[in-house]
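Here are the chains, one letter per residue:
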Amino acid sequence: MTIAVTAASGKLGSEIIRAVSRLGTHSVIGLARTPAKAEHLGVEIRKGDYNSQDELEESLRSVSTVLLVSGMDEPSKRIEQHRNVIRAAQNVGVRKIVYTSVQGAETGTAFSPIVQSNRQTEQDVLDSGLEWVIGRNGIYIEPDIEYIEAYKKSGGIFNCAGVGKCGYTTRPELAYAYARMLTEDLHNTRTYNLHGEAITQYQLAEYLNSVFGTDLTYTPMTVEEYRQERIAELGEFIGTVIAGIYQGIQEGKADNPSHYYEAAGREHVSWQAYFDSIRLKTFGVKTFGVKNICKNICKNIWGQMRNLISYM
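Let me sum up the structure you'll find in this document. Residue positions are given per chain, counted from 1 along the sequence in the order it is written. Restriction of local features to residues with pLDDT of at least 70 applies here, the model being predicted, together with a cutoff of 80 or more for giving and counting side-chain atom pairs; totals for whole chains, interfaces and linings are based on all residues. Side-chain numbers come from the whole structure's heavy atoms, not from hydrogens or water.

Regarding helix α9 (residues 223-234)
And step 1. Helix and strand definitions follow DSSP, with helices as H or I runs of at least four residues and strands as E runs of at least two, each counted in order from the N terminus. A helix is expected to span 1.5 Å multiplied by its residue count minus one. Compared with an ideal rise of 1.5 Å per residue, which puts 12 residues at 16 Å, α9 spans 16 Å between its outermost C-alpha atoms and is within 8% of the ideal.
And step 2. Among all positions of α9, only Tyr226, Arg230 and Ile231 are buried. Viewed end-on, α9 has its buried residues packed into an arc of 135°, placing them on one side of the element.
And step 3. Residues count as neighbours in contact if any of their non-hydrogen atoms are within 4.5 Å of one another. Contact partners of the buried residues in α9: β8 (156-159) and α10 (236-250).
And step 4. Following α9 by one or two positions, glycine 235 adopts a phi angle in the positive range, close to 95°. Buried, partly exposed and exposed residues are distinguished by accessible area as a fraction of the type maximum, computed with a 1.4 Å probe on protein chains only: under 20%, between the cut-offs, and over 50%, respectively. Taking the helix axis as origin, the arc is that swept by the directions to the C-beta atoms.

If you want it as structure tokens, here you go:
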């Protein structure tokens with residue numbers, strides 16, 4: 001069985017290729033608009049421009065399962081781009097399609113048109129006649145790690161999420177779940193929310209402080225205040241969309257039941273373990289302490305063994 005992963009040069013697509021390769025049970029290829037940007041992955045890379053159905057058909061020949069990574073274009077364009085992938089898969093005999101969708105407010109925020117476009121693709125996947133699985137991704141937590149210097153400079157986290165909880169996730173955790181969804185037919189016809197424990201911005205600040213030795217606090221803003229602040233830094237379109245994402249968190253639209261265990265066969269990494277690993281990676285063994293490392297490694301190994309036994 002050959003699995004194709006679209007958007008192979010992107011952060012999520014490349015992580016999924018690595019995860020499928022690590023399973024070692026299936027052949028995997030990548031599709032990329034610019035194949036040279038994905039050559040470092042060490043697998044076959046074929047052309048895969050979402051705007052070219054003919055190109056996609058050529059590249060999907062001999063493929064049995066395709067992962068469709070949601071595009072980054074504006075909502076009205078991405079629906080048709082995704083349809084190009086679906087039609088190409090239908091025309092060349094692909095058996096199964098797995099789609100990376102999103103969670104979020106479906107109405108009432110500036111992010112809602114993007115969520116709606118994902119829901120339309122979900123419906124197109126269901127109507128395709130192919131076997132299918134859909135994952136609705138939580139919000140990546142990595143950008144908050146990458147943004148730490150900006151948080152330090154401003155003295156804290158400022159957004160409009162308020163006390164709303166957010167089901168964060170990481171790209172490696174998503175990749176592991178998608179590798180299982182791609183290679184195991186027991187997931188067919190399922191739609192999964194993929195994220196870890198939902199946390200507030202106050203808790204996020206505490207985790208960041210525990211890693212970086214900072215004294216960050218969280219300060220809530222109104223949606224309009226945050227929108228204007230984001231527009232000033234990132235421009236009208238991106239700034240407005242990001243404000244819409246955090247408005248959805250405020251409204252509880254990012255605090256959904258997680259189906260990560262069902263999809264992956266194990267629990268999502270805990271945020272304590274995740275931030276411990278960031279601290280270890282950033283500052284090394286001496287700062288973190290050998291005792292803490294051993295304690296958390298043993299805890300995580302036992303937890304995964306317990307989950308594996310129950311999954312079997």
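Still to come is the rest of the account.
What to know about the pattern of salt bridges
And step 1. By convention in these notes, a salt bridge is any Lys or Arg side-chain nitrogen within 4 Å of a carboxyl oxygen on Asp or Glu. All chains considered together, the criterion is met by 19 salt bridges.
And step 2. A salt bridge links arginine 230 to glutamate 229, with the shortest nitrogen-to-oxygen separation between them at 2.8 Å.
And step 3. When its relative accessible area of 8% is taken as the criterion, arginine 230 is described as buried.
And step 4. According to the relative accessible area criterion, glutamate 229 is partly exposed, its value standing at 32%.
And step 5. Notably, a salt bridge pairs arginine 230 with glutamate 233, separated by 2.5 Å at the nearest N-O pair. Remark: glutamate 233 and arginine 230 occur in helix α9; sequence separation between them is three residues, near one turn of the helix.
And step 6. A single network of salt bridges, built from pairs that share partners, joins Glu80, Arg83, Arg87 and Asp124.

Remember, this is a structural readout, not a statement about activity or role.
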